[in-house]
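Commentary on secondary and tertiary structure
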Amino acid sequence: MREVVKNVSLKSLYAFPEHPFKVRDDEEQQELTESIRKYGVITPIIVRPREQGGYEIISGHRRARACAKAGMETIPAFIIEMDRETAVICLVDSNLHREHILPSEKAFAYKMKLDAIKQQGKYIDNTSRQNVGKLESADIVGRGANESGRTVQRYIRLTKLIPPILEMVDNEQIAFSPAVEISYLTEEEQSDLLETMESEQATPSLAQAQYMKRLSAEGKLDMDTIFEMMTEEKPNQKEQVKLKKENIVKYFPKGYSTKQMEQVILKLLADWKRRRDRNRNNER
């Protein structure tokens, strides 16, 4: 591969087609923007030339967005000529180091990389697993992220979920293992499940999801069965309040663990309750 480093215009950059990693305007992105505004881009982004002109970003979508927000017009870039399959592998590997990666991002990233490896035809054996691909290739995909081929395959199963259910997985409303089982349901069955989850404010346990998968394979899963299962009393189905870490992290010192944040929140709630009880007593 031949590579050149030069400053390129931000207007000449294009997002990689079907780029699986979202660029979110969260606190981390804001910090990156401020850092670039003060010190510039320390590590050049990686791009490849487009036949239509300009460049596709392979690594550096967040840095490019930060530069635009910082009012810059150019960005340093490694310009590397490579085919699409090599570009996909490079894109996935360069983004898996991120601290916060959604299950959907990892799912589509692993699928893209697996498809690219299969397209290159580098890893061939006769072992396969349903709807995913060659086991050896899945093991290769997982090496960069220290995950087994089996785990890679399970993440790729999430790409079979309908978008609203996949969003629930990203929002931690449905756990990973039940979501994998749900992915084996047909789109119509998933839509029926989604409707029931929304109406009953409930999500399936792993055992329920596995049972649904079995009934679906036998052609016996219908709306009535789903409703009956989802209205069962389950200990883990009590109403819960969940806070997304990305929504509250800005209120805490840098480096606070999830446990430390929880302790602070509970203490503040206890103080709030004491003040409220005191006010009520004073009003009597």
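Residues numbered from 1 in each chain as written. Predicted model: local features only at pLDDT ≥ 70, side-chain atom pairs only at ≥ 80, totals over all residues. Heavy atoms only, no water.

**A look at the overall build of the protein chain**
The line we're drawing: In this text, helices come from DSSP runs of H or I with a minimum length of four residues, and strands from runs of E with a minimum of two, each type numbered from the N-terminal end. Only protein chains enter the area calculation, which uses a 1.4 Å probe; residues under 20% of their type maximum are buried, those over 50% are exposed, and those in between are partly exposed. We call two residues in contact when some of their heavy atoms are within 4.5 Å.
When its secondary structure is counted, the protein chain shows 13 helices and 7 strands. Relative to its 284 residues, the protein chain shows a buried fraction of 41%. Put simply, of all contacts in the protein chain between residues at least 6 apart along the chain, 71% involve residues at least 24 apart.

**Some points on a nonpolar patch on the surface**
Test applied: Patch definition: residues with relative accessible area over 30% and no salt bridge; like charges joined within 9 Å; nonpolar side chains (Val, Leu, Ile, Met, Phe, Trp, Tyr) joined within 5 Å. Surface accessibility follows the Shrake-Rupley procedure with a 1.4 Å probe radius. Residue values consider only the protein chains on display as shielding. Salt bridges are counted wherever a side-chain nitrogen of Lys or Arg sits within 4 Å of a carboxyl oxygen of Asp or Glu.
Among the surface-exposed residues, L266, L269 and W272 lie close enough to one another that they form a single nonpolar patch of about 320 Å² accessible area. Along the chain, W272 turns up in helix α13 (residues 258–283).

**Some thoughts on the pattern of salt bridges**
All told, the structure shown has 10 salt bridges when counted by the stated rule. In this structure, the salt-bridge partner of E34 is R37, at a minimum N-O distance of 2.4 Å. With a gap of 3 residues between them, E34 and R37 both fall in helix α1 (residues 27–39), about one helical turn apart. Exposure remark for E34: the relative accessible area of 39% places this residue in the partly exposed category. Residue class for R37 comes out partly exposed when judged on its relative accessible area of 42%.

**Remarks on the packing of aromatic side chains**
Rule in force here: For this analysis, a ring pair means two rings from Phe, Tyr or Trp (six-membered ring only for Trp) whose centres lie within 6.5 Å, classed as stacked if their planes differ by under 30 degrees, edge-to-face if by over 60, and tilted for the remaining angles. For a Lys NZ or an Arg CZ to count as sitting over a ring, it must be within 6 Å of the ring centre and within 35 degrees of the ring normal.
All chains considered together, the criterion is met by 2 aromatic pairs. Here the aromatic rings of Y110 and Y155 are separated by 5.9 Å at their centres, their planes lie at 75°, and the arrangement is edge-to-face. Of this pair, Y110 sits in helix α4 (residues 103–120) while Y155 sits in helix α6 (residues 149–157); the two residues are 45 residues apart in sequence, bridging distant segments of the chain. Of the two residues examined, Y110 and Y155, each falls in the buried class. Note on Y155: relative accessible area 15%, which makes it buried. In this structure an aromatic cluster arises from ring pairing among Y110, Y155 and F176. Cation over ring: R157 sits above Y184, and NZ or CZ is 3.8 Å from the ring centre. A cation over an aromatic ring shows up here: K213 above the ring of Y184, its NZ or CZ 3.9 Å from the ring centre.

**Concerning unusual backbone geometry**
A positive phi angle is found at E18, which is not glycine, with a value near 60°. Accessibility expressed as a relative area gives 64% for E18, which makes it exposed. Positioned with a positive phi, E172 is a non-glycine residue whose angle comes to about 65°. Residue E172 is classed as exposed on the basis of its relative accessible area, which comes to 56%.

**A look at the confidence of the model for the protein chain**
Detail in the predicted coordinates should be disregarded across regions flagged by low pLDDT. Stated formally: pLDDT runs from 0 to 100 and stands for how confident the predictor is about each residue.
Of the residues in the protein chain, 89% reach a pLDDT of 70 or more, and the chain-wide mean stands at 85. Predicted confidence in the protein chain is weakest over strand β6 (residues 128–129), with a mean pLDDT of 40, and strongest over helix α8 (residues 176–182), with 96. Here residues 123–134 is a poorly scored stretch, pLDDT under 50, and it has 27 contacts once near neighbours within four places are set aside; other chains count.

**Remarks on the packing of helix α7 (residues 163–170) against helix α9 (residues 187–200)**
Between two packed helices, what matters for the description is the angle formed by their axes and the separation of those axes. Test applied: Here, axes are lines fitted to C-alpha atoms. For helices the fit covers the stretch in contact, and angles between N-to-C directions go from 0 to 180 degrees. What sets the label is the angle itself: under 35 degrees gives roughly parallel, over 145 gives roughly antiparallel, 65 to 115 gives roughly perpendicular, and the rest give oblique. Put simply, Ala, Val, Leu, Ile, Met, Phe, Trp, Tyr, Cys and Pro go in the nonpolar bin, Asp, Glu, Lys and Arg in the charged bin, and everything else, Gly too, in the polar bin.
Packing of α7 against α9 brings their axes to within 9 Å, and their N-to-C directions diverge by 55°. Classed by the angle they form, the pair α7 and α9 counts as oblique. For the pair α7 and α9, contact is made by P164, I165 and M168 and by Q190, L194 and M197, respectively. Of the residues belonging to the contact of α7 with α9, the class tally is 5 nonpolar, 1 polar and no charged.

**What to know about empty space enclosed by the protein**
Cut-off, in case you're wondering: Here a cavity denotes a set of grid points, spaced 1 Å apart and computed over the protein atoms alone, in which a 1.4 Å probe fits but from which it cannot get out, and a pocket denotes an open set meeting protein on both sides within 12 Å along at least five of seven lines; residues with an atom within 4 Å of a point are reported as lining. Grid points are joined across faces, edges and corners, and a volume is the space filled by probe spheres set on the points.
Counting across every chain of the model gives 1 cavity of 30 Å³ or more. Of the volumes computed, that of the largest cavity is approximately 90 Å³. Class assignment for the residues of the lining of the largest cavity results in 1 nonpolar, 2 polar and 6 charged.

**Some words on a negative patch on the surface**
Note the following rule: His is not counted, nor are the chain ends; Lys and Arg add positive charge and Asp and Glu add negative charge. Each charge is placed at NZ for Lys, CZ for Arg, CG for Asp and CD for Glu.
Where like charges cluster on the molecular surface, the negative patch consists of D222, D224, E228 and E232. With respect to the element layout, D224 can be found in helix α11 (residues 223–230).

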